Structure formats: C-alpha cells, structure tokens
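Spelled out from the first residue to the last, the chains are:
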Amino acid sequence: MTEILRRLIMVLYGLYAWFAFIVCVLGAILSALFLPGLARRRQWVSRFARLPFLLAGIRTTVRGGERLPVQQCIVVANHASYLDGVILKAYLPPSFSYVIKGEMQAVPLVGFVLRRIGSRFVDRNTPAGSSRDARTLLRAADSGESLAFFPEGTFIRKPGLGAFRSGAFAAAIKGDLPVVPVVIRGARNILPAGALLPRRHRLQIDILDPLEAPPGAKSRDLAEMARQRILSLLGEPDLVAVAANGCHASRDTGE
C-alpha cells in the first residue's frame, strides 16, 4: 500500500509539474509574440523559464555567477535532459543567444519562441549545413553576441559526458572570446531521456572560471580543455574514454 501511495504521489507531482510548465510556456509565447524589442522579449522569456522550477518546488542552486565576464563570452554546458536549454535560459543573463539544433525549428510554438528571442540554429546532419552554420556563428561572435552552446549536440539515456563538437570553440578562437564552462547537475534526475513525467530533484548549476585559448591552440584543443573542466565537477563518466577503452579491450581479445 505504501508503494502504491508513493507511486501515486509521483504521478500527481509529475502531472502538476507539466501543468506548471505548460502555463509558463504559454506566458513565454505571449511575451515573444507581443512584446517589442529583443531585449525585453528575452528578459520576460527568462522569467517564464525560471518560474516552472519555482512552482514545482525544485531547489536550485547557482554558483559562480560572478565568474561570467561582463564582456562578450561563449558558454558551453553539458547536455543530459530536455530541460537543459530551459535551465540555461532561466539562470544565465537574458542577453545570451542560444545555439540550438536545427530540428527544433520544426517543433510547434517552441521553434517560434526560440526564433523570437534570437536563437541560432545549426544543421548537424550535412557537411554543407555545418559549414554554413560555422560561418553564421563566426559572424555572430564578430558582432558582439554572447553565445551559449551544448557542444555534445544531443544527449542519451546513459549518464556521462560525450565528445564535444568544435563549432563553439572555433567561434571563440576566431572572436578572441573567453569560453565559460557550465556544469548542470540534477536535470537528468528530474527528466531523464525516455521519461514521461518529471520528478522532484535538486538542481545545481556551476559556472566555472573562463578559459582563454593558448596561443596557436586549435578548436579541438580548447574543446578538450573545456570538457575536462566540466568532467572534473560533473560526477559522471567520461564516455569518450569509456568508448576508447572498449575499443582497446576488443582489440586485445581479438573480437
């Protein structure tokens, strides 16, 4: 009986959390639709992005906000849940532009809101699209925008940090911009891949010290520096190392 009651409470909480999220999405849509000026739209959408976490009673801690440079920068964060984009929008300054996979443009209402707050979309699936998007991001960096990326590109059910794509870091080197690693912990527990209902869990966002590209550094070098910084605090496996060790083991056993 106790287990049944516990499951019932979890389901009711999940339904309530979705209701709160949908109401806030509607508020964000109205703000994006009717408010004049990009800065004002971003500010109000950020408020609506933060509100579902408050209404759902999710205890959120943000550490290191003072480390964000006053000037333009590029933020890179780990990606473990559909909530990650909402989390960054909620807890980073409203002025950031977000670099998002192109498929999100086709999602009803969500794509509209993202476009109205100045998000940048990237095509991960074709070489031509990737080259075009790289040029777009470099222009954005040159124009003075601060950008936020999930350099893994996507997330999977398995805990861990995957390989980083180089686009964010190429833009940082080209624009001579600091890269700020951000660690999101708890999002995977709140809404893991494949889950239908969110769960209550503590959320923590750690903003780490900015990284400057060493002289002559390539984008892949800067990407690995940022990835190792995130790994040091994330508390999840290094999926790149796990995959490499698996390949070595297969070779050693002749499989």
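Rules used throughout
Residues numbered from 1 in each chain as written. Predicted model: local features only at pLDDT ≥ 70, side-chain atom pairs only at ≥ 80, totals over all residues. Heavy atoms only, no water. Helix = DSSP H or I, 4+ residues; strand = E, 2+ residues; numbered from the N terminus. Buried < 20%, exposed > 50% of the residue type's maximum accessible area, 1.4 Å probe, protein only. Contact = heavy atoms within 4.5 Å. Areas by Shrake-Rupley, 256 points an atom, 1.4 Å probe, with all protein chains shown as cover. Pairing = 2+ DSSP bridges. Axes fitted to C-alpha atoms, helices over the stretch in contact; angles between N-to-C directions. pLDDT = per-residue confidence, 0-100. Core = buried A, V, L, I, M, F, W, Y, C linked by side-chain atoms within 4.5 Å. Phe/Tyr/Trp six-rings, centres within 6.5 Å; stacked < 30°, edge-to-face > 60°. Lys NZ or Arg CZ within 6 Å of the ring centre and 35° of its normal. Parallel < 35°, antiparallel > 145°, perpendicular 65-115°, else oblique. Nonpolar A, V, L, I, M, F, W, Y, C, P; charged D, E, K, R; others polar. Salt bridge = Lys/Arg side-chain N within 4 Å of Asp/Glu carboxyl O.

> Can you help me understand the overall build of the chain in this one?
A count of helices and strands for the chain gives nine helices and seven strands. The buried share of the chain, taken over its 255 residues, is 43%. Considering only contacts in the chain between residues 6 or more positions apart, those separated by 24 or more positions represent 71%. As displayed, the chain offers around 13,500 Å² of accessible surface, 61% of which is attributable to carbon and sulfur atoms.

> Whenever I open this one, the sheet that holds strand β1 (residues 60-63) confuses me. Can you help?
In a beta sheet, neighbouring strands are held together by backbone hydrogen bonds and run either parallel or antiparallel to one another. Read across the sheet, seven strands follow the order β1-β7-β6-β2-β5-β3-β4 without closing on themselves; strand pairing throughout is mixed. In the strand order of this sheet, the two ends are held by β1 and β4 (120-122), each with one partner. Strand-to-strand twist across the sheet, computed as the mean angle between neighbouring axes with direction ignored, equals 20°. The pairing of strand β3 (residues 97-101) with strand β5 (residues 147-149) spans two bridges and is parallel.

> Even after reading the chapter, I still don't get the confidence of the model for the chain, so can you show me in this structure?
Do not read the fine detail of predicted coordinates wherever pLDDT is low. Residues at a pLDDT of 70 or more form 87% of the chain, whose mean pLDDT is 86. Below pLDDT 50 for its whole length, residues 126-130 participates in three contacts with residues either more than four positions away or in separate chains.

> Even after reading the chapter, I still don't get the nonpolar core, so can you show me in this structure?
Looking at soluble globular proteins, one finds that nonpolar side chains tend to be buried together. Counting residues in hydrophobic clusters, the biggest one holds 38 residues, and the most contacted among them are I87, L88, L92, I184 and L203. Core analysis: the next-biggest nonpolar cluster, separate from the first, contains 23 residues, V99, A172, L211 and A226 among them.

> Would you mind going over the packing of aromatic side chains with me for this structure?
Any pair of aromatic rings gets described here by the distance separating the centres and the angle formed by the planes. All told, the structure shown has five aromatic pairs when counted by the stated rule. Ring geometry for W44 versus F48: centroids 6.4 Å apart, planes at 40°, classification tilted. Taken as a pair, W44 and F48 lie in helix α2 (residues 38-55) at a separation of four residues, close to a single helical turn. Note on W44: relative accessible area 34%, which makes it partly exposed. The positively charged end of R47 is found above the aromatic ring belonging to W44, 4.5 Å away from the centroid.

> What exactly am I supposed to notice about the packing of helix α1 (residues 2-34) against α2 here?
Running from N to C, α1 and α2 cross one another at 170°; their axes reach a closest spacing of 9 Å. Taken together, the axes of α1 and α2 lie roughly antiparallel to each other. Across from Y16, A20, F21, C24, G27, A28, S31 and A32 in α1, the residues of α2 making contact are R41, W44, V45, F48, L51, P52 and L55. Of the residues contributing to the contact of α1 with α2, the split by class is 12 nonpolar, two polar and one charged.

> Sorry, what's going on with the pattern of salt bridges here?
Two side chains carrying opposite charge are able to pair once their charged atoms lie near each other. What the rule picks out here adds up to eight salt bridges. R63 is the salt-bridge partner of D206, the closest N and O atoms lying 2.6 Å from each other. Residue D206 is found in strand β7 (residues 203-207), and its partner R63 is found in strand β1; the two are separated by 143 residues along the sequence. With a relative accessible area of 41%, R63 lands in the partly exposed category. The closest approach of N and O atoms between R188 and E236, which form a salt bridge, is 3.0 Å. In this pair, R188 is assigned in helix α7 (residues 187-190) and E236 in the loop between α8 (219-234) and α9 (239-253), connecting sequence segments 48 residues apart. In the salt-bridge network here, residues are joined through shared partners; they are E3, R6 and R7.

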